Structures are given as C-alpha cells and as structure tokens.
Amino acid sequence: MPRDTDPGIRSDLEGRLAVVTGATDGIGRVIAERLAAAGAAVVMPARSAAKGAAAAERVRRAVPGAEISTPPLDLASLDSVADFTRDLVAQGRPIDVLVNNAGVMHPGSRQSTADGFELQLGVNHLGHVALTLGLLPLLRAGRARVTHQTSVAARSGGIHWDDLDWHRSYDDMAAYRQSKIAVALFGRELDARSRAEGWGLSSNLAHPGVSPTNLLAAQPGMGRAKASPGRSLIVALSRVGLAGTVESAAGSAVLAAVGRDARGDEFYGPRRLAAGAPRRQEFWAPFRDLADGPRLWDASLQLVGERFAV
C-alpha cells in the first residue's frame, strides 16, 4: 500500500505512471522512491543498464512491491530519445507525472553530445525538450504534471542568443547557467501553450537548492577527472545544515510534481536558497520575460528537428 509520508503530497497515485529522468542516483532516485511510495508505477530511464538495475532494486527495497522499469535512454543522443519516446508511446499508457530532473554540470571544456550540441545545453535542455514533446500524446492523455528541475545557478545570467550552442568563447559556468535558464523558460512556455491549445497538461518548475550530489563529482566520461573544487565545501555545509542533503533536495520537485496544492506555472524551492523545507517561490529574474519563452521554443525545435515538432 502507498505510504502518505507527507500530508502535503498526494498518496493517491496507485495505477498511475510517472517518468523521472536522472533517477539512477542522487536526487532523481529519491524522487522516484517517493513517487513509488505514493503508489505510482515509475519509469526510471537509464543510460547504463547496470546502474538502472541497481537503482530499481534500491527503490524496491524501500518500497516493497513497487512497479519499476528502467528502459534505456541517453539524453545526449536525440536518436536515443526518439527510440525511448516511440517505445513508450507504442505501449499507450498515459503518463501522469514527468519529472525532467537529469543534468550535467561543469565539463571544464566544450564537450559535445552525439548530435554535436554543447553538452550542457544538449542534455539539460534539448534532450528534455525532445523527450517532453516526444511523450506529448501520453502526457495529454494523462493530463500530466510536468516538472522541470532548474538550478540556483540560474538566478542570474541569460540566454546566449547570438551563439546558443557556444561555438565561440566557451565558458562552462555561463553555459550551465544558460542551460538551466532554458529549462525554466521551456517549462513556463509549455504551460502557456498547453493552456492556449487545450492540451490538458500543466508544467511547473523546481530547484533543489545546494546539496552534495554527483553533479560535482569526478566525471571522466565528460572530461572532468577530479571532483569540482566546491564539492568538499558543500559536503561540509550539508553536515552542519547550511546546505541540503540529497534526500531533502528532492523535496522541491516532489512538491511541484505531486503536491496537493501545486499548480502549473509555479516555482518551488527550499525555504532558504540552499536548504530547508520546500515551498512556492517567486520566479527569478531570468525566468520572467515571457517573450523569451516563444523565442526559445522556436530555437529549440529548430535544433532538435522536425521529428519532435508538435
């Protein structure tokens, strides 16, 4: 039976389907576990079959009887995204919750996806654009809530409109900020288009605060041989309560996705910037210009191509 561990979170997800990206470890795995505890069947797409199996087993241990699947997905490859969405759409089961949580951070130098996009733009934003639009028939059928995970880095900065893909003067931190601002602008525009077109889904935003996740750990596969310098400080701050834990950092996305009072075109994050109980927040300045949403939508669709057009 589902466990209602938080009175602010729905516990009536029995028989409903949730998809959580980046759920093989860290914040995503905790999100998946909490949705499973509320009764949802959870799809935890995995680039690595071994990591997917281990994460699924961990969720099943925490939530006996949980319905978990771990189909292959690599957000750095539009072909992989197309295969994943095609297979899920062919199964025909409506999706009730989609949490676009996966991300990469600070490769150090300009790395490229399989399609040649700057890695952070390609994974954090464009991969999720393609995923969301590819799953749109199922999201519409389930009148889904789509929650997009942005970052505290997105409090400042903007979209690099004259070189969206960072072919010139690469700055990996600025590129990361851009990717997470793009995530937020796409999330707001998705909600606006759903309301205008009668798609029936809702879309909102969350940020996890600051916590010691693997985003800052060594990532040799994307060119970072050592952990980022700030990771040890975040670990220390987490131990004394000045930064969140992986478990607490998941709370904002869970509240946004299945909070009893959560709505579309809202933004959720920790009470304090870095940590604390999740709550509704005001949109940060880079998310407020509603003219940027349609512009980014069109630019993103041009990049991901016609197969993901709506």
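This text goes with the structure placed above it.
Remember, predicted model here, so these are calculated numbers, not experimental data.

Rules used throughout
Residues numbered from 1 in each chain as written. Predicted model: local features only at pLDDT ≥ 70, side-chain atom pairs only at ≥ 80, totals over all residues. Heavy atoms only, no water. Helix = DSSP H or I, 4+ residues; strand = E, 2+ residues; numbered from the N terminus. Buried < 20%, exposed > 50% of the residue type's maximum accessible area, 1.4 Å probe, protein only. Contact = heavy atoms within 4.5 Å. Areas by Shrake-Rupley, 256 points an atom, 1.4 Å probe, with all protein chains shown as cover. Polar contact = N/O pair within 3.5 Å; in protein donor to acceptor, adjacent residues only side chain to side chain. Pairing = 2+ DSSP bridges. Axes fitted to C-alpha atoms, helices over the stretch in contact; angles between N-to-C directions. Parallel < 35°, antiparallel > 145°, perpendicular 65-115°, else oblique. Nonpolar A, V, L, I, M, F, W, Y, C, P; charged D, E, K, R; others polar. Core = buried A, V, L, I, M, F, W, Y, C linked by side-chain atoms within 4.5 Å. Salt bridge = Lys/Arg side-chain N within 4 Å of Asp/Glu carboxyl O. Expected span 1.5 Å × (residues − 1).

Q: Hey, could you go over the overall build of the protein for me, with residue numbers and the actual values?
A: From N to C terminus, the protein includes 10 helices and 8 strands. When each of the 310 residues of the protein is scored for burial, the buried share is 55%. Sequence separation of at least 24 residues holds for 73% of the intrachain contacts in the protein that already meet a minimum separation of 6. When the accessible surface of the protein is summed, it comes to about 13200 Å², and 50% of that surface belongs to carbon and sulfur atoms.

Q: Explain the side chain of Thr147 to me, and be specific about the residues and the numbers.
A: Within the secondary structure, Thr147 sits in strand S5 (residues 145-149). There is a polar contact of 3.4 Å between the side chain of Thr147 and the backbone nitrogen of Ala257. Not counting chain neighbours up to four residues away, the residues in contact with Thr147 comprise Leu98, Val99, Asn100, Asn204, Ala206, Ala253, Ala256 and Ala257.

Q: Talk me through the pairing of strand S4 (residues 97-100); I want residue IDs and the actual numbers.
A: Judged by which residues are buried, S4 turns out to be covered on both faces: Val97 and Val99 on one side and Leu98 and Asn100 on the other are all buried. Here S4 runs beside S5; their pairing, made up of 4 bridges, is parallel. Bridge pairing in S5 links Val97 to Arg145.

Q: How would you sum up the packing of helix H6 (residues 172-197) against helix H10 (residues 292-304)? Please name residues and give values.
A: Contact geometry for H6 and H10: axes closest at 9 Å, N-to-C directions at 100 degrees. By the angle class used here, H6 and H10 are roughly perpendicular. Contacts between H6 and H10 involve Ala182, Leu185, Phe186, Glu189, Leu190 and Arg193 from the first element and Asp292, Gly293, Pro294, Leu296, Trp297 and Asp298 from the second. Class assignment for the residues of the contact of H6 with H10 results in 7 nonpolar, 1 polar and 4 charged.

Q: Give a description of the nonpolar core that names residues and reports values.
A: Counting residues in hydrophobic clusters, the biggest one holds 53 residues, and the most contacted among them are Phe84, Ile95, Leu135, Leu139 and Phe287. Among the secondary structure elements, those contributing two or more residues to this core are strand S1 (17-20), strand S2 (41-43), helix H3 (78-91), helix H4 (119-134), helix H5 (136-141), H6 and H10. Beyond its immediate sequence surroundings of up to four residues, Phe84 is in contact with Val19, Val43, Pro45, Pro71, Pro72, Leu73, Leu131 and Leu135.

Q: Tell me about unusual backbone geometry, and please be specific about residues and values.
A: Notably, His106 is not glycine yet its phi reads approximately 55 degrees, a positive angle. Considering the arrangement of structural elements, one finds His106 in the loop between S4 and H4. For His106, a relative accessible area of 16% corresponds to the buried category. Here the phi dihedral of Asp265 falls at roughly 55 degrees; this positive angle occurs in a residue that is not glycine.

Q: Can you break down the pattern of salt bridges residue by residue, with the values?
A: Proximity of charged atoms lets side chains of opposite charge pair with each other. Within this structure, the stated rule accounts for 14 salt bridges. Between Asp25 and Lys51 there is a salt bridge; the shortest N-O distance is 3.4 Å. Taken as a pair, Asp25 in the loop between S1 and helix H1 (26-37) and Lys51 in helix H2 (residues 49-62) lie far apart in primary sequence, 26 residues in all. Judged by its relative accessible area of 41%, Lys51 falls in the partly exposed class. Between Arg93 and Glu67 there is a salt bridge, with its nearest N and O atoms 3.0 Å apart. Note that Arg93 is positioned in the loop between H3 and S4 and Glu67 in the loop between H2 and strand S3 (68-69), a separation of 26 residues in sequence. For Glu67, a relative accessible area of 47% puts it in the partly exposed group. In this structure, a network of salt bridges that share partners links the residues Asp83, Arg86 and Asp87.

Q: Any details on the environment of Val254? Residues and values, ideally.
A: When you line up the elements, Val254 lands in helix H9 (residues 251-258). Put simply, Val254 and Ala32 are 222 residues apart on the chain and 9.0 Å apart in space, counted from C-alpha to C-alpha.

Q: Residues and numbers for H1, please.
A: Taking 1.5 Å of rise per residue, the 12 residues of H1 would be expected to cover 16 Å, and the 17 Å separating its terminal C-alpha atoms lies within 8% of that figure. Counting buried positions over the 12 residues of H1 gives 9, a clear majority of the element. Regarding H1, the residues found buried are Ile27, Gly28, Arg29, Val30, Ile31, Ala32, Leu35, Ala36 and Ala37. Phi turns positive one or two residues past the end of H1, at Gly39, with a value near 105 degrees.

Q: For the sheet that holds strand S8 (residues 278-281), give the residues involved together with the corresponding values.
A: In space, the 8 strands of this open sheet follow the order S3-S2-S1-S4-S5-S6-S7-S8, with mixed pairing throughout. Across the chains shown, the open sheet's two edge strands, defined by having one partner strand only, are S3 and S8. Bridge count for S2 against S3 is 2 bridges, and the pairing is parallel. Its bridge partner being in S3, Val42 is matched across the sheet by Ile68. The sheet strands contacting H6 are S5 and strand S6 (202-206), and the helix crosses S6 at an angle near 155 degrees. Against the sheet, H9 engages S4, S5, S6, strand S7 (267-270) and S8, with an angle of about 160 degrees to S5.

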